[in-house]
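Chain residues, written in single-letter form:
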Amino acid sequence: MEDKVDTSPDQGIHKIGPERDTWSILFLASIFFLSYNGRSITGPLLPSLEFDLGLSHAQCGGLFVFLFLGYLAALLGSGFAAAQIGHRRTIILSAVGVGVTLMAVAGSHSLWALRIGLIAVGLASGLYPPSGIAALTKLAKPAQWGRAIGIHDIAPNLSIVATPALAGILIHWTSWRGVYFLFGIIAILVGFAFARYGPSVAGRGQVPNLIVLKSLLGKSSLWIMCILFSLGAAGMIGVFNMLPLFLTSAHGFQASSANLIVGLSRVPGIGMALVAGWVTDRIGPRKAIAVVLSCSGLLAALIGIESGTRLVVVIFLQAAVAPCFFPAGLAAVSKLFPFESRNLAIAIAVSFSGFVGSGLISGLMGLLADKGMFGTGLMLNGIMVLAGVPMLIFLKFKNDAEQ
């Protein structure tokens, strides 16, 4: 039953056969894909939003702060929801909630209505990851967790690739409101389908342990990883959020062309993230993070300087390198923190990076764009990413061959 708390690691793992296991994991991945789309669709629609609502570049960039405020609150508080209604109902609530809130955003006619709607989208989206991962490890056998998580994590990378392309196609047939509305309808339908046909997921979540949380917040290594994750997100999501607007306003691209370039540039990142995991195992997370931040930061700075064909080439190179941070970053957290506090440390680092790296830095780039310094904003973004490399010397890894 869903309302029972598991008492052993194996309890709740469903022996339902490999075909059913794969179907269940793909079902979860589809919800993760739509949940991530709820957050990533705003970037490709910024040029249309800016024109239709008369927004400034700064106001456009600031939208991501509100989006990630909601996401941050939900991610940190999702344990309370899962403890009350269980993981399965939390997943359904997230999917349907993303759909309803996207439809609400479609009806926005003022800046503040848009901001409130995006906070709600972030809240609904942020409920999924903790319960989704818990469900995944219940549905798959322990020996297959790596493969299951690999399939599941295709969703956000695929979203980054597909969302700009879909937005570029749909914007020819409808307005930005229609795109939000269509994505909302799809999310609701998939949520209802999961409620009707999705796998049973036993167990409830746990309310966050305040003692462990207090201990974690006192560790300097946690705050260093929060900053590094923020810089990794600034290089990946921060650049992604602002690129369509940068290409249309600063370089005269058509919105459809800009979204197509941004979408296609993300395709190599899917495979590069897998390569990064292999490389991290060979050279260690410290060196891997140093290489990724150095390359990602340098290329992000060049985006703000280059033009023409060289600009497009740099965009593709930067988009291939930036996703490589997260396999190395997660490996670093796994080495720095013991098992009992590892998940909470990851949740804090990812939440912090979502607000700062994806939201706040996007807003700052928008402010600079309003002053005619869009390229300068991207260049400073790259410099900030580069500035994180020296912080790695302060991380003390246990059982690290580098020591």
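The preceding data block contains the structure.
Every value quoted in this text rests on a predicted model; they were computed, and no experiment measured them.

Calculation notes
- Residues numbered from 1 in each chain as written.
- Predicted model: local features only at pLDDT ≥ 70, side-chain atom pairs only at ≥ 80, totals over all residues.
- Heavy atoms only, no water.
- Salt bridge = Lys/Arg side-chain N within 4 Å of Asp/Glu carboxyl O.
- Helix = DSSP H or I, 4+ residues; strand = E, 2+ residues; numbered from the N terminus.
- Buried < 20%, exposed > 50% of the residue type's maximum accessible area, 1.4 Å probe, protein only.
- Axes fitted to C-alpha atoms, helices over the stretch in contact; angles between N-to-C directions.
- Parallel < 35°, antiparallel > 145°, perpendicular 65-115°, else oblique.
- Left-handed = near helix turned anticlockwise from the far one by under 90°.
- Contact = heavy atoms within 4.5 Å.
- Nonpolar A, V, L, I, M, F, W, Y, C, P; charged D, E, K, R; others polar.
- Phe/Tyr/Trp six-rings, centres within 6.5 Å; stacked < 30°, edge-to-face > 60°.
- Lys NZ or Arg CZ within 6 Å of the ring centre and 35° of its normal.

**Q** It is not clear to me how the pattern of salt bridges should be interpreted in this structure. Could you clarify?
**A** Between side chains of opposite charge, a pair can form as their charged atoms come close. Inspection of the entire model under this criterion finds two salt bridges. With a shortest N-O distance of 3.7 Å, Asp 52 and Arg 177 are connected by a salt bridge. Residue Asp 52 is found in helix α2 (residues 42-53), and its partner Arg 177 is found in helix α8 (residues 176-197); the two are separated by 125 residues along the sequence. A salt bridge links Arg 310 to Glu 306; the nearest nitrogen and oxygen atoms lie 3.4 Å apart. Arg 310 gets classed as exposed once you look at its relative accessible area, which sits at 57%.

**Q** For this particular structure, what's the right way to read the packing of helix α10 (residues 220-251) against helix α14 (residues 308-321)?
**A** Helix-helix packing is described using two parameters, namely the angle between the two axes and the distance between the axes. Between α10 and α14, whose axes approach to 12 Å, the crossing angle comes to 165°. Considering the angle they form, α10 stands roughly antiparallel to α14. Judged by the twist between their axes, the crossing of α10 over α14 is left-handed. Where α10 approaches α14, its residues Gly 235, Val 239, Leu 243, Phe 246, Leu 247 and His 251 are matched on the opposing element by Leu 311, Ile 315 and Gln 318. Class assignment for the residues of the contact of α10 with α14 results in six nonpolar, three polar and no charged.

**Q** What is the right way to look at the packing of aromatic side chains in this model?
**A** For any pair of aromatic rings, geometry is given as the distance between the ring centres together with the angle between the planes. Counted by the stated rule, this structure contains eight aromatic pairs. Residues Trp 176 and Tyr 180 carry aromatic rings whose centres are separated by 5.9 Å and whose planes lie at 90° to one another, so their mutual orientation is edge-to-face. Of this pair, Trp 176 and Tyr 180 both sit in helix α8, four residues apart, roughly one helical turn. The class for Trp 176 is buried, based on a relative accessible area of 2%. When the ring of Trp 223 is compared with that of Phe 352, the centres are 6.2 Å apart and the planes differ by 80°; the resulting orientation is edge-to-face. One end of the pair, Trp 223, is in helix α10; the other, Phe 352, is in helix α16 (residues 339-370), with 129 residues separating them in the sequence. The class for Trp 223 is partly exposed, based on a relative accessible area of 39%. The side chain of Arg 39 reaches across the aromatic face of Tyr 71, ending 4.0 Å from its centre. If you follow Arg 115 out to its NZ or CZ, it ends over the ring of Trp 112, 4.7 Å from the centre.

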